[in-house]
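Listed here are the chains, written in short residue letters.
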Amino acid sequence: MRDWRVIETWGAPPGFNMGLDEALLLDADAPPTLRLYTWDPDTLSLGYFQRWVDVPGTARAGAVVRRLTGGGAIHHVNELTFSLVTSADDPLYRGPVPESYARVHACVARALGDFGARAALAGEGPLDSDRADTGMCFHASTPLDLAWGGRKGVGSAQRRTGGRVLHHGSIKLGTSPLEGDIATVAATGATATPEEVGRALRAALAEAHAIAFAGGEASPAERARADELGARYTDPAFLRRR
Amino acid sequence: MRPDDRKYLSSHEWIKIDGDTGIIGITDFAVQELCSGNESDLVYCDLPEEGRVVEAGETFGEIESVKAVADLNAPLGGEVIEVNSAIEDHLEILADDPWERGWLIKIKLAAKTSDALLDAAAYEDVVAQEA
């Protein structure tokens, strides 16, 4: 078994959420970590390279951040957000990026199965949730995305820096006014809290990858670093840099 | 075997030295890691302005595939004197020809060697371990 840490931060501020993920990514001595979190207030996160003007939903969210990871914008409400941060040579991440997605998504799909969502890779071709000109991650699909009922229900993106990997994931439990017509756990008729889905994801990762998770918290040094790094993510200059 | 007329970083960048100039790019393995052979998966490349001074090992740019953002690191330090602007609009060049047409930047070298540089054989070992 391999030892990982799990950090749960429910209802955390947007800048802190992004700052802590970056702090874990940049610290080569940080233990492999699964973060399970939600946001307060509801937050729209822009992809790292997205242009502000290409995401009309920015005016309708409680807060806006720019992620360190790429891809489209996500409205973080009624969802479980997770991150997996460890070395790029971890068995979870070795090899081509698409293969690492397949490993992570297999675990997410298994966790979703506990709540009646039969998630599978989208494969080639468009999804019913695809929409033009919203800039939203859930309205654009690739074959690697997880979908059920013909619609995308999980958003994912990675950042690879200094031999380490940050994988961001967003699992939709309910709807958002900015992400219409996507797959959610609620649409399957089930109800699930972020905490419940987080526990299922943790169990799926543990079983598939022989990981022994220990509950923990960010260290005081990590929290201080997260606060320091987190300020950038809500800075208008960073948000509107593109 | 990858070209032996240049040096490599374990993070999959290469540098070819031509007098006082260093030509920098990324390897076929880096491209393969990002897009698994589907060149249309490369969506964005952010390169520095001419005149910027980069240190050896410093991140000088970033590249995004459909699913990951990765750093571009300078094998050696120096001043950026030319940027391959064609790359930003034609990322498929990186998949088609990472060794020649796919160069990213040219720098005026501040130094011509670094302990971090690998020859082609040593880089092959790095790739073999990661593949």
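This is a predicted model, so every value here is computed, not measured.

Asker: How should the confidence of the model for chain B be read in this particular structure?
Answerer: Detailed conclusions should not be drawn from predicted coordinates in areas where pLDDT is low. Residue and element names in this part refer to chain B. Residues of chain B with pLDDT of at least 70 account for 98%, and the chain-wide mean is 92. Looking across chain B, the model is least confident in helix α1 (residues 28-35), with a mean pLDDT of 88, and most confident in strand β8 (residues 78-83), with 98. Model confidence for the complex: the whole-complex pTM is 0.93, and ipTM, which rates the interface, is 0.86.

Asker: Would you take a moment to explain the packing of aromatic side chains for this structure?
Answerer: To describe a pair of aromatic rings, you give the distance between the ring centres and the angle between the ring planes. Counted according to the given criterion, the structure contains seven aromatic pairs over all chains. Members of the aromatic cluster, joined through ring pairs, are A:Tyr48, A:Phe49 and B:Tyr44. Looking at A:Arg35, its charged tip hangs above the ring of A:Tyr37, at a distance of 3.8 Å from the centre. The ring centre of A:Tyr233 lies 5.2 Å from the NZ or CZ of A:Arg232, which sits over that ring.

Asker: Sorry, what's going on with the interface of chain B and chain A here?
Answerer: When the parts of a complex come together, some accessible area is lost, and that lost area is often used as the size of the interface. Facing the 17 residues of chain B at the interface are 23 residues of chain A. For the pair chain B and chain A, the summed buried area comes to about 1,600 Å², and 47% of that belongs to carbon and sulfur atoms. Its largest share of buried area at the contact with chain A, chain B owes to B:Glu33, B:Lys67 and B:Val69, together 42% of the area lost on that side. At the boundary of chain B with chain A, the tally comes to four salt bridges. Of all the secondary structure elements, the ones that give two or more residues to the side of chain B that touches chain A are α1, β4 (42-46), β6 (59-65), β7 (68-73) and α4 (120-130) of chain B. If one sorts the elements of the side of chain B that touches chain A by residue count, β7(B) sits on top with four residues. Considering only residue class, the side of chain B that touches chain A consists of seven nonpolar, three polar and seven charged. Relative to β7(B), strand β9 (residues 151-161) of chain A is paired through three bridges, and the arrangement is parallel. Paired with A:Gln158 across the bridge in β7(B) is B:Ala68.

The rules behind the values
- Residues numbered from 1 in each chain as written.
- Chains lettered and ligands numbered in written order.
- Predicted model: local features only at pLDDT ≥ 70, side-chain atom pairs only at ≥ 80, totals over all residues.
- Heavy atoms only, no water.
- pLDDT = per-residue confidence, 0-100.
- Helix = DSSP H or I, 4+ residues; strand = E, 2+ residues; numbered from the N terminus.
- Phe/Tyr/Trp six-rings, centres within 6.5 Å; stacked < 30°, edge-to-face > 60°.
- Lys NZ or Arg CZ within 6 Å of the ring centre and 35° of its normal.
- Contact = heavy atoms within 4.5 Å.
- Buried area = accessible area lost by both parts, 1.4 Å probe.
- Salt bridge = Lys/Arg side-chain N within 4 Å of Asp/Glu carboxyl O.
- Nonpolar A, V, L, I, M, F, W, Y, C, P; charged D, E, K, R; others polar.
- Pairing = 2+ DSSP bridges.

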